[in-house]
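Topology and contacts: notes
Listed below, chain by chain, are the residues.
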Amino acid sequence: MAGALTLDASYYEALKRLTLELAGVNLGTNHAFLVETRLARLAREEGYVSLEAMIDELFKTGKTRLAVQIVSALTERDTHFFKDRTAFHNLRKHVLPDLHHKRGGGRIRLLSFGCASGQETYGMAMTVAKMGDELDGLKVDIVGVDYPSQALERARAGRYTHFDVQRGLPIQDLVDFFEPDGADWAVKQEIRDAVEFRDIHLLSKLDTLEDFHAVMFCGSLPHYSAPARVRVLRGLSGLVREHGYLILGEGENLAQMNYGFDRVLEGPGLYQKREVIIEPEIDPDAKVPTGRTTFDKSPSRKRKLAGSR
C-alpha cells in the first residue's frame, strides 16, 4: 500500500480528530487506507497536484469549505437502492398507510436523513409511486439531506451507473422509473420532481428544516460517537411532528433514551412521536394557572392517541 506513504503520519491522526469533531464519526484504526482511497479523487477534482498538497493546505489555511468536503468524503456511506429492506417495509406497510388513514388527503413531508448519493431518497419516491391508489388524495414531498459532498451532487444529478442500478434495484423499478442516459441510467423526471436535496450539517441544530411527518435514518447510527448520537437524535426528535414516525435501520434502536418516541410494535426500528400535552400548573402564591409541557406516557393515553387523527 505505497499510496499510504504520501502523507506525513501525523496528518492521519489529525484527519481522524477532524472527522470526529465535525461529523461525530470515528474513522477507526484503518484510517490511513481510507484517507488514501477516498480523498485521492477529491484532490484531483479540486485541482490539487497531489493528495498531500490538498491536506497540507487544509491544515495550513483551515479552509472551512475544504474541511467539510474532506470530512464528507471520509464519512460517505456505501449505499444502494432499498438497502434496508425492513425500513422500506415499515414505510410501505405501516407509515404511509397510517398517515393516509389519519389525514385522508392533503400533503405530508418525508425526510431522508444522511441521504448520501440519493438511493434511499429516490427509493422513498418510488415506493410512494408504486402505492398509487392506496394513497389517493395524499401529496408527498420528500427531502434528502446530507453534508455537501460529491455524493450529494450525484444525488441531485439523479444519474447512476449500471453497477449502481444492479445493487438492490428490482428490474421492474429500473424499467418503470429510469431511462438510459449514455452508459448510465437517469431517474425519470416524475420521480425527480417528487424529491429535493439539501446540504446541511447533520450535527447542527437543524433549525433550517421544517417539520416532517416521517424521517428515515438508516445505517448511520452505529458509526456515531455517543455524544454525536445523542445530538443527532435530539435534533431529529425536534423535526418529527406529533404522531409522526422515526424509521431506523434494521437492528438499530433508541436504547435507553426515547427522545419523546414510543416503539411501534408492528415493526422493529419503527418509532412514533408522542403527543405533547400542555397541563395546567397552579402557582401556589398567585393561584394563577401556568403552562407546563409534558409527554403523556400512560398506556390508556397511548391507546387513545393511536386511534386519533
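What this report covers is the structure whose coordinates are included nearby. Note that the coordinates shown come from a computational prediction; the quantities given were computed from them, not determined experimentally.

Looking at the side chain of D184
- Assignment of secondary structure puts D184 in strand 5 (residues 184-187).
- Given a relative accessible area of 19%, D184 falls into the buried group.
- Not counting chain neighbours up to four residues away, the residues in contact with D184 comprise R159, Y160, T161 and E179.

Brief notes about the packing of helix 5 (residues 85-103) against helix 6 (residues 119-131)
- Where helix 5 meets helix 6, the axes come as close as 11 Å, and the angle between the chain directions of the two elements is 50°. Considering their axes alone, helix 5 and helix 6 lie oblique with respect to each other. As for how helix 5 packs across helix 6, the hand of that crossing is right-handed. Contacts between helix 5 and helix 6 involve F88, L91, R92, L96 and P97 from the first element and E120, G123, M124, T127, V128, K130 and M131 from the second.

Notes on the sheet that holds strand 8 (residues 240-248)
- Spatially, the seven strands line up as an open sheet ordered 6-2-1-7-8-10-9, and their pairing is mixed. At either end of the open sheet lies a strand with only one pairing partner, and these are strand 6 (195-199) and strand 9 (261-263). Taking the axes of each pair of neighbouring strands and ignoring which way they run, one obtains an average angle of 25° across the sheet.
- In terms of strand pairing, strand 9 meets strand 10 (residues 270-273) through three bridges, oriented antiparallel. Within strand 10, the position partnered with D262 by the bridge is Q272.
- Against the sheet, helix 5 makes contact with strand 1 (106-113), strand 2 (138-146), strand 7 (212-217), strand 8 and strand 10, and its axis sits at roughly 165° relative to strand 8, the strand it touches most.

Concerning the pattern of salt bridges
- Under the defined criterion, the tally for this structure stands at 17 salt bridges.
- As a salt-bridge pair, E45 and R41 come within 3.7 Å of each other at their nearest N and O atoms. One end of the pair, E45, and the other, R41, are both in helix 2 (residues 31-45), four residues apart, so they sit about a helical turn from each other.
- Using a relative accessible area of 38% as the deciding quantity, one classes R41 as partly exposed.
- With its nearest N and O atoms 3.0 Å apart, the salt bridge here joins E196 to R198.

Concerning the sheet that holds strand 5
- Read from one edge to the other, the open sheet built from three strands follows the order 3-5-4, with strand pairing classed as antiparallel. In this open sheet, the two strands that pair with only one neighbour each are strand 3 (159-160) and strand 4 (178-181).
- In this sheet, strand 5 lies alongside strand 4 in antiparallel orientation, the contact comprising four bridges. Bridging from a neighbouring strand, E179 pairs with A186 of strand 5.

Describing the pairing of strand 10
- Side chains of strand 10 alternate between two faces, with L270 and Q272 and Y271 and K273 buried alike.
- As paired strands, strand 8 and strand 10 are joined by three bridges and run antiparallel to one another. Note that in strand 10 the partner of L246 across the bridge is Y271.

What counts, and at which threshold
- Residues numbered from 1 in each chain as written.
- Predicted model: local features only at pLDDT ≥ 70, side-chain atom pairs only at ≥ 80, totals over all residues.
- Heavy atoms only, no water.
- Helix = DSSP H or I, 4+ residues; strand = E, 2+ residues; numbered from the N terminus.
- Buried < 20%, exposed > 50% of the residue type's maximum accessible area, 1.4 Å probe, protein only.
- Contact = heavy atoms within 4.5 Å.
- Axes fitted to C-alpha atoms, helices over the stretch in contact; angles between N-to-C directions.
- Parallel < 35°, antiparallel > 145°, perpendicular 65-115°, else oblique.
- Left-handed = near helix turned anticlockwise from the far one by under 90°.
- Pairing = 2+ DSSP bridges.
- Salt bridge = Lys/Arg side-chain N within 4 Å of Asp/Glu carboxyl O.

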